[in-house]
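# Coordinates in review
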Amino acid sequence: MRYISLSGIAAILLCQSVSALAADLVKNGKSDFVIVLASGAIPPEQTAAKELQSHLEASTGVLLPILEEDTAASSENQIIVGQSKRLAAAFPELDLAALKRDGIVMKSDGSTVFLAGGRPRGSLYAVYTFLEEVIGCRWWTSTESYTPKIKHMEMPALDNVYAPALLYRESFYRDAFDGVFAARSKCNGNFCKITPEYGGHYSILGWCHTFYQLLPPDKYLSEHPEWYSEIDGKRTSDHAQLCLTNEAMRAELTKNALEWIRKDPTAGIISISQNDWFGNCQCPTCAAIEKEEGSPSGLLLRFVNAVAEDIQKEFPDMLVETLAYQYTRPAPRITKPRDNVVIRLCSIECNFSKTLGTDPSNADFRRDIESWSAISPQLYNWDYVTNFAEYLLPHPNWKVLASNIRFYTANHCIGLFEQGDAGSSCGDFIELRAWLLSHLMWQPSRDPDALINEFLTGYYGPAAWPLRQYIDLMSDTGSKANIDLRCFMKTTSSWLTLDALNTAEALFDEAEHAVRKDKILAQRVRRARLPLTYAWLNRYDELVQAAHQQNKPFAGPQDPAAASRDFIRACEEFQCKEYAEGNPLGNLARELKDHFK
């Protein structure tokens, strides 16, 4: 496996271009190009021109002027940003509407380059794609990036029109919430703090489990008990749902939902979804429909379809999302979703060391995805890519991340929420994970190993090779143990062996030695090592005993009390916040202190 320096990436990308224009983007520190902003440009397109200008200046040392299309003089060498009149004239076959909100156009005509796309974000994404693929810029995190220094470069000929299969893309890590970084990563999900100037984002009104948000029992139950579930002959709101065949209830819920949308009509999606428990209505009317449909999802879908029909009359572009979750996960026998309804499924029960699309351990979830895909043109998947019980332990799901995303898109998935370590900044290579998942969601066909290598090389420098070996070691150890990897696991005892931990310790020693003279890279490797340290501390007594019984070396901390103190101090320094979902780091600090008295 060969690693390259980031300074060579732009050159490699250019060498792969079919041809170059008869113009130099930059030569001897000068450029004849100008940036032209399309007439009628919206704020994200204005931002795109500024981002292009600032990054090109940082790379080449040349500040290209930004001109308005209507007033710019004719010039051979122009980079036109946005939905310009000249783009339409040069390429009349282009259907910008088909690119929807995010699709991109990168084309050249003579020595004119067009960077455009759908609205609101397409032109901005075209600029970021140009900066990545042509110039060689990289945004590793919200605060760490790479810009190559270029003194001479020919402008390549461009011919790329691309619309992502996933309309909604969210990498759920704390750093990925940063609005500018999210835009540069081409993420656009609910929790991304992207301002309108950077294209905004999808907002799922209510997020999920909205039945009681829309019809709170403390407001409605006393006067309308019939609107809530009948369970064992009694109407109740205690861990219950709504009576989905009650027309008066549906009218009130629809009215409240429309009020939500009117307050934020650009959100894109509203959730009309069941509560986060069971308790579906058992009244004779509801029960009869569930029986007819062969699944409670049939009754839910009839209800949501009716609400969505009313919403579409006033807001034709608003998508209505509902959950296929717990008791509603199996698809119905009769009813199909309307064209503005999105079905959201959750993979929480799955084995995350095995592929969703082929492995027998995930057969139930695969069956439900494929059943829904057969009747719905648009699914949304809530996927899990971390260990919520222990953010700080190694999590060997690397080999399935890309294949699972491809499985989703092959089954009509238009939205993907990759739920990672949002509460922590010290998890298992979370900077790499956020970057990798963002790139795969934008373009699922990309090679995940090449992406991992690229990030490791650019972010960790000379430590890349031992860190790649470490990642492969964790993956191979999990595969050899045939691990059943869930998203709530308190220990690595079912798969991570003493031998593997000893080898991992040596690999991180090598990585630290490789960057010992670079303060920034050394800090990055130090942070990446924290999950390995915690893997020792999490099973310390067991591993000491295993080394003694098997007469094997023990490469873990010789003084666990001191090691645990150093570990907690490092986590605090890196602002870890939580060591598990909803559990602050202070709780872990107390546990380790009590254990290693």
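Details of the structure are given in the entry above.
Everything in this summary refers to the structure shown in the same document. Just so it is clear, the model here is predicted, and its values are computed rather than measured.

### Points about the overall build of the protein chain
Across its full length, the protein chain carries 20 helices and 21 strands. Here the protein chain has a C-alpha radius of gyration of 27 Å; the compact-globule value for 597 residues is 25 Å, and the two agree. Counting every position in the protein chain, which comprises 597 residues, the buried fraction comes to 58%. Residue pairs at least 24 apart in sequence account for 72% of intrachain contacts in the protein chain once pairs closer than 6 positions are excluded. Each charge sign in the protein chain was given a centre, from 60 positive and 75 negative side chains, and these centres are 2 Å apart.

### Overview of helix H2 (residues 43–60)
With 18 residues, H2 extends 26 Å from end C-alpha to end C-alpha; this agrees with the ideal 26 Å at 1.5 Å per step. When we look at burial in H2, the residues that qualify are Pro 44, Glu 45, Thr 47, Ala 48, Ala 49, Glu 51, Leu 52, Gln 53, His 55, Leu 56, Ser 59 and Thr 60.

### A few points about the environment of Asp 428
With respect to the helices and strands, the residue Asp 428 is situated in the loop between strand S19 (413–419) and helix H13 (430–442). As a C-alpha pair, Asp 428 and Ser 403 span 25 residues in sequence and 20 Å in three-dimensional space. In contact with Asp 428, other than residues within four places in its own chain, are Tyr 391, Leu 393, Pro 394, His 395, Trp 398, Asp 421, Arg 433 and Pro 531. Engagement of the side chain of Asp 428 in a polar contact is seen with the backbone nitrogen of His 395, the distance being 3.0 Å.

### Here we look at the sheet that holds strand S18 (residues 379–384)
Judged by pairing direction, the sheet is parallel, and its seven strands sit side by side in the order S11-S19-S18-S17-S16-S15-S12 without closing on themselves. Unpaired on one side and paired on the other, strand S11 (168–172) and strand S12 (203–205) mark the two borders of the sheet. Averaged over neighbouring strand pairs, the angle between their axes works out to 25° when direction is ignored. Where S12 lies against strand S15 (residues 268–271), three bridges are found, and the strand directions are parallel. Counted as the bridge partner of Ile 204 is Ile 269 from S15. Here helix H10 (residues 296–314) sits on the sheet in contact with S15, strand S16 (319–324) and strand S17 (341–346), set at roughly 170° to S16.

### Brief notes about the packing of aromatic side chains
If you walk through the whole model with that rule in mind, you get 40 aromatic pairs. Summarising the aromatic geometry, the rings of Tyr 459 and Tyr 460 are spaced 4.9 Å apart at their centres and angled 90° between planes, so their arrangement reads as edge-to-face. By relative accessible area, Tyr 459 is classed as buried at 0%. Aromatic ring contacts, followed pair by pair, group Phe 172, Phe 177, Phe 191, Trp 207, Phe 352, Trp 382, Tyr 384, Phe 388, Tyr 391, Phe 417 and Phe 488 into a single cluster. The residue whose ring lies beneath Lys 186 is Trp 442, and the NZ or CZ to ring-centre distance is 5.4 Å.

### Observations concerning the sheet that holds strand S10 (residues 159–162)
Across a sheet, paired strands are connected by hydrogen bonds in the backbone, their directions being either parallel or antiparallel. Ordered in space as S3-S2-S4-S6-S5-S10, the six strands form an open sheet in which the pairing is mixed. Only two strands of the sheet have a single neighbouring strand rather than two, namely strand S3 (66–68) and S10. Across this sheet, the average inter-strand angle for adjacent strands is 20°, counted without regard to direction. Of the strand pairs in this sheet, strand S2 (residues 34–37) and strand S4 (residues 78–81) are connected by four bridges, and their pairing is parallel. Bridge pairing links Leu 37 to Val 81 in S4.

### Section: the side chain of Gln 378
Assignment of secondary structure puts Gln 378 in the loop between helix H11 (363–375) and S18. Classification of Gln 378 as buried rests on a relative accessible area of 12%. One polar contact links the side chain of Gln 378 to the main-chain carbonyl oxygen of Val 341, over a distance of 3.4 Å. When residues no more than four places from it in sequence are discounted, the contact partners of Gln 378 are Leu 319, Asp 339, Asn 340, Val 341, Val 342, Ile 343, His 412 and Ile 414.

### Some details on unusual backbone geometry
The amide bond that connects Arg 119 to the next residue, Pro 120, takes the cis arrangement and shows omega of 15°. Mapped onto the fold, Pro 120 is located in the loop between strand S6 (112–117) and helix H4 (122–135). Positive phi outside glycine occurs at Trp 207, with the angle close to 65°. Its place among the elements puts Trp 207 in the loop between S12 and helix H6 (211–214). Judged by relative accessible area, which is 16%, Trp 207 ranks as buried. For Gln 326, which is not glycine, the phi torsion reads 55° and is therefore positive.

Thresholds applied
- Note on numbering: residues in each chain are counted from 1, in written sequence order.
- With pLDDT at 70 or above as the cut-off, local features in this predicted model cover only qualifying residues; side-chain atom pairs require 80 or more to be listed or tallied, and sums for whole chains, interfaces and linings still use all residues.
- Hydrogens are left out, water is left out, and the side-chain values use all remaining heavy atoms of the structure.
- Helix and strand assignments come from DSSP, with helices taken as H or I runs of at least 4 residues and strands as E runs of at least 2, each series counted from the N terminus.
- Each radius of gyration is computed over the set of C-alpha atoms, and the globule rule expresses the reference value as 2.2 Å times the number of residues to the power 0.38.
- Working definition: with a 1.4 Å probe on protein chains only, accessible area under 20% of the residue-type maximum means buried, over 50% means exposed, and in between means partly exposed.
- Contact criterion: two residues are considered in contact whenever any of their non-hydrogen atoms come within 4.5 Å of each other.
- We score Asp and Glu as negative and Lys and Arg as positive, and we do not count His or the chain ends.
- A charged residue contributes its charge at one atom only: NZ of Lys, CZ of Arg, CG of Asp or CD of Glu.
- Expected span of a helix: the number of residues minus one, times 1.5 Å.
- Whenever two N or O atoms come within 3.5 Å, that pair is a polar contact, provided that in protein one can donate a hydrogen and the other can accept it, and provided that, for residues adjacent in sequence, both atoms are side-chain atoms.
- Pairing between two strands requires that DSSP report at least two bridges joining them.
- Only C-alpha atoms enter the line fits that serve as axes; for helices the fit covers just the stretch in contact. Angles between N-to-C directions range over 0 to 180 degrees.
- Pairing of aromatic side chains requires ring centres within 6.5 Å, counting the rings of Phe and Tyr and the six-membered ring of Trp. Pairs whose planes differ by under 30 degrees are stacked, by over 60 edge-to-face, and all others tilted.
- For a Lys NZ or an Arg CZ to count as sitting over a ring, it must be within 6 Å of the ring centre and within 35 degrees of the ring normal.

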